[in-house]
Amino acid sequence: MGRKGREIVGSSIDEIVDDLKVAYCNELTAFHYYWYTSLYMQGIGSLTIASKFKDSAMEELKHAGMIGERLNQLAAMAPSSPVDWTNTSIFGNVDPSKYTTLRDAIEKALEIEGLAIEHYNELIKRVKDVDYATYDILQDILVEEVKEEQDLEDILARLELREVEEKIEEEGGKEIIEQF
Ligand SMILES: [Fe+2]
Ligand SMILES: [Fe+2]
């Protein structure tokens, strides 16, 4: 975006740039979280979930690209150092190697998505009526984050159901149920 585009955003430009930098760091942290856990996830059914996590990683990378591009249009650059990603991201220092069991991986992902949704909601309110281009981009991303959260909740619910079934089976309760 050229001069006019920046002019339209006006005096809020610095604030918006800072917000977008945080969002960029969030996305890269989320990307690496999904990417890494997709490689090392353990447990029954982890292959299916790992492939889903790999897709999620690519989606977060896409979001980082959208935000990076917007920063470029606003004549700013995204934080380039991985140290900055950790320090700036609202997720804090996420070490994906701590979440490689199926349940932990999904629960941590849900936590990340929840925080991302809250953050995008705040940003969208802030840029509304100030910067329509950023507003549009953030809305598109938010829709995808909400979908991601819903998918994860569905996966977790199925996992919980499976755990209950396994427990029943272990206790021999299934045979009893089947008799009725
Ligand atoms: Fe994202
Ligand atoms: Fe996400």
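Structure: above.
The residue numbers shown here count from 1 along each chain, following its written sequence. Whichever chain is written first is A, and whichever ligand is written first is 1; the rest continue in order. Whole-chain, interface and lining totals are the exception, using all residues; otherwise, since this is a predicted model, local features are given only for residues with pLDDT of at least 70 and side-chain atom pairs are given and counted only at 80 or more.

Engineer: I tried to follow the overall build of the protein chain on my own but got confused; where do I start?
Structural biologist: Strands are runs of DSSP state E lasting at least 2 residues, helices are runs of H or I lasting at least 4, and numbering of each runs from the N terminus. Along its length, the protein chain carries seven helices and zero strands. Overall, the protein chain shows an N-to-C arrangement of helices and strands of α-α-α-α-α-α-α. Here the radius of gyration uses the C-alpha set of atoms, whereas the globule reference equals 2.2 Å times the residue count to the power 0.38. Since a compact globule built from 180 residues should have a radius of gyration of about 16 Å, the 20 Å found for the protein chain marks it as more spread out than a globular shape. Dimensions of the protein chain along its principal axes, counting C-alpha atoms only, are 75 × 30 × 20 Å. The buried share of the protein chain, taken over its 180 residues, is 30%. Here contacts are defined at the residue level, using C-beta atoms placed from the backbone and a cut-off of 7 Å between them. A separation threshold of at least 6 residues defines the contact pool for the protein chain, and within that pool the share at least 24 residues apart is 77%. Neighbour density around each residue's C-beta defines its exposure: 20 or more other C-beta atoms within 10 Å make it buried, 12 or fewer make it exposed, and counts between make it partly exposed, where C-beta atoms are placed from the backbone.

Engineer: Sorry, what's going on with helix α3 (residues 46-73) here?
Structural biologist: Structurally, the α-helix is built with 3.6 residues per turn, so residues lying three or four positions apart point the same way. Compared with an ideal rise of 1.5 Å per residue, which puts 28 residues at 40 Å, α3 spans 40 Å between its outermost C-alpha atoms and is within 8% of the ideal. Every buried residue of α3 is listed here: Ile49, Phe53, Ser56, Ala57, Glu60, His63, Ala64, Ile67, Gly68, Arg70 and Leu71. Where α3 is buried, its residues contact α2 (13-40), α5 (102-127) and α6 (132-170). Directly beyond the C-terminal end of α3, a positive phi value near 65° is found at alanine 75. A helix is expected to reach a length of 1.5 Å times the quantity of its residues less one.

Engineer: How should the packing of α3 against α6 be read in this particular structure?
Structural biologist: Describing two packed helices takes the angle between their axes plus the distance from one axis to the other. As a packed pair, α3 and α6 sit with axes 11 Å apart at the nearest point and diverge in direction by 165°. In terms of axis orientation, α3 runs roughly antiparallel to α6. Relative to α6, the crossing made by α3 is left-handed. The residues of α6 that touch α3, namely those facing Ile49, Ser56, Glu59, His63, Met66 and Arg70, are Thr134, Ile137, Ile141, Glu144, Glu148 and Ile155. Looking at the contact of α3 with α6 residue by residue, the classes come out as five nonpolar, three polar and four charged. Here an axis means a line fitted to C-alpha atoms, over the contact stretch when the element is a helix, while the angle between two N-to-C directions is reported on a 0 to 180 degree scale. Oblique is the label for every angle not falling under 35 degrees (roughly parallel), over 145 degrees (roughly antiparallel), or within 65 to 115 degrees (roughly perpendicular). Crossing handedness follows the turn of the near helix against the far one: under a right angle anticlockwise gives a left-handed crossing, and clockwise gives a right-handed one. We call Asp, Glu, Lys and Arg charged. Ala, Val, Leu, Ile, Met, Phe, Trp, Tyr, Cys and Pro are nonpolar, and the rest, Gly among them, are polar.

Engineer: Got a minute to help me understand α5 in this structure?
Structural biologist: With 26 residues, α5 extends 37 Å from end C-alpha to end C-alpha; this agrees with the ideal 38 Å at 1.5 Å per step. By the burial criterion, the buried members of α5 are Leu102, Ala105, Ile106, Ala109, Ile112, Glu113, Ala116, His119, Tyr120, Leu123 and Val127. Elements that come into contact with the buried residues of α5 comprise α2, α3 and α6. Backbone geometry just downstream of α5 places aspartate 129 in the positive-phi region, at approximately 65°.

Engineer: Please explain the packing of α2 against α3 as it appears in this structure.
Structural biologist: Direction vectors running N to C along α2 and α3 enclose 160°, while the axes themselves pass 8 Å from each other. It follows from the interaxial angle that α2 and α3 lie roughly antiparallel. Note that α2 runs across α3; the crossing there is left-handed. Taken together, the residues of the contact of α2 with α3 sort by class into 16 nonpolar, five polar and five charged.

Engineer: Could you clarify how one ought to interpret the environment of isoleucine 67 in this entry?
Structural biologist: Tracing the sequence through the fold places isoleucine 67 in helix α3. Setting aside chain neighbours within four positions, we find isoleucine 67 in contact with Leu20, Ala23, Tyr24 and Glu27.

Engineer: Explanation requested: the environment of isoleucine 49 in the structure shown.
Structural biologist: Mapped onto the secondary structure, isoleucine 49 falls in helix α3. For isoleucine 49 and threonine 37, which are 12 residues apart along the polypeptide, the C-alpha to C-alpha distance reads 9.8 Å. Once you skip the residues sitting within four places of it in the chain, isoleucine 49 turns out to touch Met41, Leu102 and Ile155.

Engineer: Would you explain the environment of leucine 123 in this entry?
Structural biologist: The residue leucine 123 is located in helix α5 in this model. Placed 103 residues apart in sequence, leucine 123 and leucine 20 show a C-alpha to C-alpha distance of 8.5 Å. When near neighbours in sequence (up to four residues on either side) are disregarded, leucine 123 contacts Asp19, Ala23 and Leu138.

Any functional reading would require information that these geometric values do not contain.
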